[in-house]
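If you want the building blocks of each chain, they are given just below.
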Amino acid sequence: MRVIQFREALREAMNEEMRRDESVFLMGEEVADYNGAYKVSQGMLDEFGAKRVVDTPITELGFAGLGVGAAMNGLRPIIEFMTFNFSLVAIDQVINSAAKMYSMSGGQFNIPMVFRGPTGNAGQLGAQHSQNFENWYANCPGLKVVVPANPYDAKGLLKTAIRDNDPVIFMESELMYGDKGEVPEQEYLLPIGKAEIVREGQDVTFVSFGKILKVANEAADILQKEHNVSAEVINLRSVRPIDYQAIVDSVKKTNRIVVIEEAWPLSSIATEISYHVQKHAFDYLDAPVQRINSMDVPLSYAPTLVDGALPNVERTIQAAKAVLYM
């Protein structure tokens, strides 16, 4: 094992898959000459050339559509959005072309492509650049939606996504590109749709994904140290498909669950999990399902309001205490 940054794990995944398969290419704004807005694609232009690392104009709808057409013709594009906030400009191609083409063509066209880039809050960037759309894309049949939480997840899941014959939404975080973590020297793949039990516990289940997993882990540490509460922490890794079985099995053991997610509360992934748990593990619940989301408002610019709106450790601890009747 070696320790590398999150951005390096993504770069390694793309490099390895592009060396392995000449049909894979990267396209997006500033991915080539500038080495990527977040330096994820650093050095890739030098190795693969301008035909496979392609700088585009600021036209998300255009290059997303170009990617769909390329996928229909046997290539495997990786489309980078500088932020998934900008994917709204391209959402017609993502939802109405990429997600539906296999079904609408009667299976004649696979769409083996990845849409990747950062999601969610990244500090004081204002309401238009701080949104989470994981639940939006997860709502659409035909898409897979992956949200890695660390460098190990990032590399293994991205390699799997690039090889997948269906369109994959791969959502990262600007705040995680510098995070470091252990990644194996040898090649590995992680399956999409299989959650990870980050830590085992007996008293309450925490379910989260992406950068908010850090909140769940920190809250679990504090609960164990200060209250002798043993929290089981589940890293979903993907939100379409969701590993429902891992969640239900955990609830059957702990009898309590808190779901922590950065998106707004209405129609969130936390809402879907809450429904599934009450349907399939109702008799095992000793307390109502608790969920923690961002506040139901556009995210402000002021740092104090940002802190107050987002899921945090204190809210997670209080939710755990609530389900434990502490």
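Right, let's walk through the structure included here.

About the thresholds
- Throughout, residues of each chain are indexed from 1 in the direction in which the sequence is written.
- A pLDDT threshold of at least 70 governs which residues receive local features in this predicted model, and a stricter bar of 80 or more applies before side-chain atom pairs are shown or counted, although totals over entire chains, interfaces and linings include all residues.
- Values reported for side chains reflect all heavy atoms of the structure, with hydrogen atoms and water molecules removed beforehand.
- By the criteria applied, helices consist of DSSP H or I runs no shorter than four residues and strands consist of E runs no shorter than two, each listed in order from the N terminus.
- Only the C-alpha atoms count toward the radius of gyration. The rule for a globule is 2.2 Å times the residue count to the power 0.38.
- Relative accessibility thresholds used throughout: buried, under 20% of the residue-type maximum; exposed, over 50%; partly exposed, between the two (1.4 Å probe, protein chains only).
- By the convention used here, residues are in contact when the closest approach between their heavy atoms is within 4.5 Å.
- Surface accessibility in these figures is a Shrake-Rupley result with a 1.4 Å probe; residues are shielded only by whichever protein chains are displayed.
- Charge assignment: positive for Lys and Arg, negative for Asp and Glu; neither His nor the chain ends contribute.
- To locate a charge, take atom NZ for lysine, CZ for arginine, CG for aspartate or CD for glutamate.
- Each residue after the first adds 1.5 Å to the expected span of a helix.
- Note that the arc is computed from the directions linking the helix axis to the C-beta atoms.
- Each pair of strands is called paired provided DSSP finds at least two bridges between the two strands.
- Orientation is described by lines fitted to C-alpha atoms, with helices fitted over the stretch in contact, and by angles between N-to-C directions that extend from 0 to 180 degrees.
- Counted as salt bridges are all cases of a side-chain nitrogen of Lys or Arg within 4 Å of a carboxyl oxygen of Asp or Glu.
- Here the term cavity refers to a set of points on a 1 Å grid, laid over the protein atoms alone, in which a 1.4 Å probe fits but cannot get out; the term pocket refers to an open set having protein on both sides within 12 Å along at least five of seven lines, with lining residues being those that place an atom within 4 Å of a point.
- Grid points are joined across faces, edges and corners, and a volume is the space filled by probe spheres set on the points.
- Gly counts as polar in this scheme, as do all residues outside two lists: the nonpolar Ala, Val, Leu, Ile, Met, Phe, Trp, Tyr, Cys and Pro, and the charged Asp, Glu, Lys and Arg.
- Domains are outlined according to an automatic or database domain assignment.

So, about the overall build of the chain. In terms of regular secondary structure, the chain is built from 12 helices and 14 strands. A globule of 326 residues ought to have a C-alpha radius of gyration of about 20 Å, and the chain, at 20 Å, matches this closely. Overall, the C-alpha framework of the chain stretches about 60 × 40 × 40 Å when taken along its three principal axes. By the burial criterion, 57% of the 326 residues in the chain qualify as buried. For the chain, restricting intrachain contacts to residue pairs at least 6 apart in sequence, the fraction spanning at least 24 positions comes to 80%. Accessible surface computed for the chain: about 13,700 Å², of which carbon and sulfur atoms make up 51%. Charged side chains of the chain number 30 positive and 42 negative; the gap between the two group centres comes to 3 Å.

Glancing now at helix H8 (residues 213-227). For H8, with 15 residues, the first-to-last C-alpha span of 20 Å sits near the 21 Å given by 1.5 Å per residue. Restricting attention to buried positions, one finds in H8 the residues Leu213, Val215, Ala216, Ala219, Ala220 and Leu223. Seen from one end, H8 has its buried residues packed into an arc of 150°, which puts them on one side. For H8, exposure combined with an orientation more than 90 degrees from the buried face picks out Lys225 and Glu226. Tucked into the core, H8 has its buried residues touching strand E9 (196-199), strand E10 (204-208), strand E11 (231-235), strand E13 (257-260) and helix H12 (313-323). Following H8 by one or two positions, asparagine 228 adopts a phi angle in the positive range, close to 55°.

Attention now goes to the sheet that holds E13. Read from one edge to the other, the open sheet built from 5 strands follows the order E9-E11-E10-E13-E14, with strand pairing classed as mixed. Strands with a single pairing partner mark the edges of an open sheet, and in this sheet they are E9 and strand E14 (290-292). Going from strand to strand, the sheet's axes swing by 25° on average, the running direction of each strand aside. Across 3 bridges, the pairing between E9 and E11 is antiparallel. Bridge pairing in E11 links arginine 199 to valine 233. Relative to E14, H12 is tilted by about 175°, and along the sheet it contacts E10, E13 and E14.

It is worth spelling out the pattern of salt bridges at this point. Throughout the structure, instances matching the rule amount to 22 salt bridges. Taking the shortest distance from any N to any O, the salt bridge between arginine 237 and aspartate 153 comes out at 3.0 Å. Residue arginine 237 is found in the loop between E11 and strand E12 (238-240), and its partner aspartate 153 is found in helix H7 (residues 151-163); the two are separated by 84 residues along the sequence. Aspartate 153 carries the same exposure label as arginine 237, and that label is buried. In the salt-bridge network here, residues are joined through shared partners; they are Arg2, Glu12, Glu16, Glu17, Arg20, Lys155, Lys159, Arg163, Glu185 and Glu187.

All right, on to empty space enclosed by the protein then. For the coordinates displayed, the defined rule picks out 1 cavity of 30 Å³ or more. Residues of the lining of the largest cavity, tallied by class, amount to 6 nonpolar, 4 polar and 5 charged. Of the residues that make up the lining of the largest cavity, three or more belong to each of domain 1 (3-182) and domain 2 (196-323).

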